[in-house]
Amino acid sequence: MGKRSGDGFVAHKATLVNALNRVLADRVTVCGYTVGRKGFTGYVKALAGSNTVKVVPASNADSETHSNGKRLKVVCGSTTSYLEDMAWIGDNTPMTLCDVRVSPKRVVKPNIGGLELAEALGRVLPFTAKEDNRPVLQCILFKAVEGKLTLVSADGFRLAVVVLDCDVEGQALINRDELGGIANALRKAQRVALGFEQSGDSLDGTSLVLDTEAIRYKWRGADGQFPDYEKLIPTEANVIAHLDTVETGKAIVSLKALADSKSYPLDLTLDGGYITMTSPDEAGQTSIPAVFEGECKVRIDGAYLAEALRACGGMVDFKLTDSKSPVLFEAEGYQLVVMPMLTADSKPKSEEAETEAEATESEPEAEAEPVTEDTEATEAVAEAEAVVKAEKPKRSRKKEKVAVA
């Protein structure tokens, strides 16, 4: 990025600005002085008079002349300025730090594409847990083995898995909040090398390292054990439909407009070459053509379905086993498992029998009345009405989500 000059450095201004823009920390340590990253970046960018910038600690003579104590000296062309330690840092500036280190030539041997990794992160980050009581599910699992890098996330109802080519070995859990902004930085990187560094004897001491031509990123792995996610991915499917995510997404939007809350379950019926999406209250219905064999019906949370389609993009395989088993969305190198919502039809018969038994036991016993002709006639009519009602299918509005263990 530049060359050393005494205790400081000389760098190309545009290169320095580009590097600072890709830093994720809010505080930057330059030649032993700490300054706010955004303020320092904006200042260097605004400098005029030369394409190069020299940054060095101010000498004693400079400090005495300007009666300002220790400061950071910045020279660009005919412009010379002195920056105080902790410049552009306020009480609310997050305590995230990075160092600016300059070398004449930084060699990075890439083992993964920056754009490819950025897209992969965008496919797993939305499916992490939001609750603080599940810290492991707030993390992304990076697992590299046998030339494949697997990124995994789960929130209890959904499971996302991305597989990339990467010749490296290691494993680490990284909190999703620490990865904020890295996707945009990776899109600007020309070369990316991913690796793992052991800081202890256990897996919990493993750090994830991303080297680019300008920035080196390092995250210490979180403590904990990620669930055995492979057991949760369906291996068989009775119905496989090929969906256009764009057209299906448009159909969902029309049904969402009819919902009176953020939660809007959708009943998906696959039959006759069409996927019919219906609101449980039958307020709206839409059908889209699809290629599949067989038939099936399942209820899925509308918001979950929309997010799944956005994450997959393009054409996706929609795999179903039955109405109560996990649903699998599968694209090239990407798998997304979504748990369905239970309905009266999808509940096991044993559960329904228990519910009916409890209802029967809770009914109070009626007092015996003398039997007359009018009584017999009334009982006959009641019995006939009960038979008619029993023949009509019961519609249940009850819905519940099945959590991924």
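### Things to note about the overall build of the protein chain
Right, so step 1: Along the protein chain, the regular secondary structure elements total nine helices and 25 strands.
Right, so step 2: Per-residue burial over the protein chain gives 42% buried out of 405 residues.
Right, so step 3: Of the contacts made within the protein chain by residues no fewer than 6 positions apart, 64% connect residues no fewer than 24 positions apart.
Right, so step 4: Surface exposure of the protein chain reaches about 22,800 Å², of which carbon and sulfur atoms provide 49%.

### A few points about the environment of Ala 46
Right, so step 1: With respect to the element layout, Ala 46 can be found in helix 2 (residues 37-46).
Right, so step 2: Distance from Ala 46 to Lys 13, taken between C-alpha atoms, is 9.9 Å for residues 33 residues apart in sequence.

### Structural notes on the packing of aromatic side chains
Right, so step 1: On inspection of all chains with the given rule, the structure shows four aromatic pairs.
Right, so step 2: Relative to Trp 88, the ring of Tyr 43 has its centre 6.0 Å away and its plane inclined at 35°; by these criteria the two rings are tilted. One end of the pair, Tyr 43, is in helix 2; the other, Trp 88, is in the loop between strand 7 (79-84) and strand 8 (97-99), with 45 residues separating them in the sequence.
Right, so step 3: Above the face of the Tyr 334 ring, Arg 123 is positioned so that its terminal group lies 4.5 Å from the ring centre.
Right, so step 4: When the ring centre of Tyr 304 is taken as origin, the NZ or CZ atom of Arg 158, which lies over that ring, is 4.1 Å away.

### Side note on the side chain of Ser 279
Right, so step 1: Among the secondary structure elements, Ser 279 is positioned in the loop between strand 18 (274-278) and strand 19 (285-289).
Right, so step 2: For Ser 279, a relative accessible area of 8% puts it in the buried group.
Right, so step 3: With sequence-adjacent residues up to four places away left out, Ser 279 is seen in contact with Leu 255, Pro 265, Leu 266 and Gly 284.

### Considerations on the sheet that holds strand 13 (residues 192-198)
What links the strands of a sheet is backbone hydrogen bonding, and the strands pair in either a parallel or an antiparallel sense.
Right, so step 1: Taken together, three strands build an open sheet; the order of strands is 13-14-15 and the sheet is antiparallel. Whereas interior strands pair on both sides, the edge strands pair on one side only; in this sheet they are strand 13 and strand 15 (216-220). Each neighbouring strand pair of the sheet contributes to a mean axis angle of 20°, computed without reference to strand direction.
Right, so step 2: Strand direction decides the pairing type here: strand 13 and strand 14 (residues 206-212), joined by seven bridges, are antiparallel. Along strand 14, the bridge assignment pairs Val 192 with Thr 212.

### What to know about the packing of helix 1 (residues 13-21) against helix 2
Right, so step 1: Contact geometry for helix 1 and helix 2: axes closest at 10 Å, N-to-C directions at 160°. What the angle tells us is that helix 1 and helix 2 run roughly antiparallel. Regarding helix 1 and helix 2, the two cross each other, and that crossing is left-handed. Residue-level inspection shows Lys 13, Leu 16, Val 17, Leu 20 and Asn 21 of helix 1 in contact with helix 2, the latter providing Arg 37, Phe 40, Thr 41, Val 44 and Lys 45.
Right, so step 2: Residues that form the contact of helix 1 with helix 2 fall into these classes: five nonpolar, two polar and three charged.

### Quick notes on unusual backbone geometry
Right, so step 1: A positive phi angle, close to 70°, is found at Met 86, a residue other than glycine.
Right, so step 2: Looking at the secondary structure, you find Met 86 in the loop between strand 7 and strand 8.
Right, so step 3: In this structure, Trp 88 takes a positive phi of about 60° despite not being glycine.
Right, so step 4: Given a relative accessible area of 41%, Trp 88 falls into the partly exposed group.

Quick notes on the rules
- Residues numbered from 1 in each chain as written.
- Predicted model: local features only at pLDDT ≥ 70, side-chain atom pairs only at ≥ 80, totals over all residues.
- Heavy atoms only, no water.
- Helix = DSSP H or I, 4+ residues; strand = E, 2+ residues; numbered from the N terminus.
- Buried < 20%, exposed > 50% of the residue type's maximum accessible area, 1.4 Å probe, protein only.
- Contact = heavy atoms within 4.5 Å.
- Areas by Shrake-Rupley, 256 points an atom, 1.4 Å probe, with all protein chains shown as cover.
- Phe/Tyr/Trp six-rings, centres within 6.5 Å; stacked < 30°, edge-to-face > 60°.
- Lys NZ or Arg CZ within 6 Å of the ring centre and 35° of its normal.
- Pairing = 2+ DSSP bridges.
- Axes fitted to C-alpha atoms, helices over the stretch in contact; angles between N-to-C directions.
- Parallel < 35°, antiparallel > 145°, perpendicular 65-115°, else oblique.
- Left-handed = near helix turned anticlockwise from the far one by under 90°.
- Nonpolar A, V, L, I, M, F, W, Y, C, P; charged D, E, K, R; others polar.

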